[in-house]
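# Residue-level structure breakdown
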Amino acid sequence: MAEEPAAPAKGAAAPAKNAATIGLTVDQTLTLPALAGARIVAGHAGRHRVVERVNVMEVPDILPWVKPKELLLTTGYPLRHSPTPLAALIADLDRAGLSAIAIKPHRYLGDLPPELLAAADALGFPVIELPEGVAFDDILTDVLSDVLDRQSAVLARADHVHRALAQIA
């Protein structure tokens, strides 16, 4: 008997039935070479959220510049003296439809704050801890290349179907 698909995490959009997924899941991003050694440390229930884009957090007031289905990368530098509690930031990112946040915490934050992890767990919003040696440009390249490959495959299938139907007509 087939398993029922897991319900999407709170805040995550439910996948459309029979729709081609153009992005990759948070879990799938962790299999990319640039994310070797990265791990989800909170919000595991959202590991099936879809990533279609990547953004880098350079400022603490990032919300005006984020888009749904983004993986947000940060060194933690903009968060170190943020007046906004980190739990509130996680809730805001979840409401904005982001897929996950990936943080290189040790240089600027030390250990990830327990309130950030608790908020992420409560919302099913994945928090990924990145190894110190990972380069953001490598993550951007790997994730966006994979997403573009998936988009290309969807377009190729659509073109094939279109040509087949045109021949029949």
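Scroll up to find the structure.
On a predicted model such as this, the values are computed, not experimentally measured, just so you know. (Residues numbered from 1 in each chain as written. Predicted model: local features only at pLDDT ≥ 70, side-chain atom pairs only at ≥ 80, totals over all residues. Heavy atoms only, no water.)

## Description of the overall build of the protein
Secondary structure summary: the protein contains 4 helices and 7 strands in total. Going from N to C terminus, the protein has its helices and strands arranged as β-α-β-β-β-β-α-β-α-β-α. By the burial criterion, 38% of the 169 residues in the protein qualify as buried. For the protein, contacts bridging at least 24 residues in sequence account for 75% of all contacts bridging at least 6. (Helix = DSSP H or I, 4+ residues; strand = E, 2+ residues; numbered from the N terminus. Buried < 20%, exposed > 50% of the residue type's maximum accessible area, 1.4 Å probe, protein only. Contact = heavy atoms within 4.5 Å.)

## Some details on the nonpolar core
Grouped together as the largest cluster of nonpolar side chains are 22 residues, with contacts concentrated most on Leu72, Ile90, Leu93, Ile101 and Val127. Listed by contribution, the elements that provide at least two residues to this core are β2 (39–42), α2 (86–95), β6 (100–103) and α3 (114–123). For this core, the element with the highest residue contribution is α2, accounting for 5 residues. Sequence-distant contacts of Ile101, defined by excluding residues within four places in its chain, comprise Leu71, Leu72, Thr74, Ile90, Leu93, Phe125, Pro126, Val127 and Ile128. (Core = buried A, V, L, I, M, F, W, Y, C linked by side-chain atoms within 4.5 Å.)

## Considerations on the side chain of Thr74
Among the secondary structure elements, Thr74 is positioned in strand β5 (residues 70–74). Judged by its relative accessible area of 0%, Thr74 is buried. A polar side-chain atom of Thr74 sits 3.0 Å from the main-chain amide nitrogen of Gly76. (Polar contact = N/O pair within 3.5 Å; in protein donor to acceptor, adjacent residues only side chain to side chain.)

## Side note on the side chain of Glu129
Positionally, Glu129 belongs in strand β7 (residues 127–129). Once residues lying within four places of it in the same chain are set aside, the contact partners of Glu129 are Gly37, Ala38, Arg39, Val41, Ile103, Pro105, His106 and Leu112.

## Observations concerning the sheet that holds β5
Strand order in the open sheet formed by 5 strands is β2-β7-β6-β5-β4, and the pairing between neighbours is mixed. At either end of the open sheet lies a strand with only one pairing partner, and these are β2 and β4 (53–56). Neighbouring strand axes in the sheet, compared pairwise and without regard to direction, differ in orientation by 30° on average. Inspection of the sheet shows β6 paired to β7 by 3 bridges, in the parallel sense. Note on β7: the bridge partner recorded for Ile103 is Glu129. The sheet strands contacting α3 are β2, β6 and β7, and the helix crosses β2 at an angle near 95°. (Pairing = 2+ DSSP bridges. Axes fitted to C-alpha atoms, helices over the stretch in contact; angles between N-to-C directions.)

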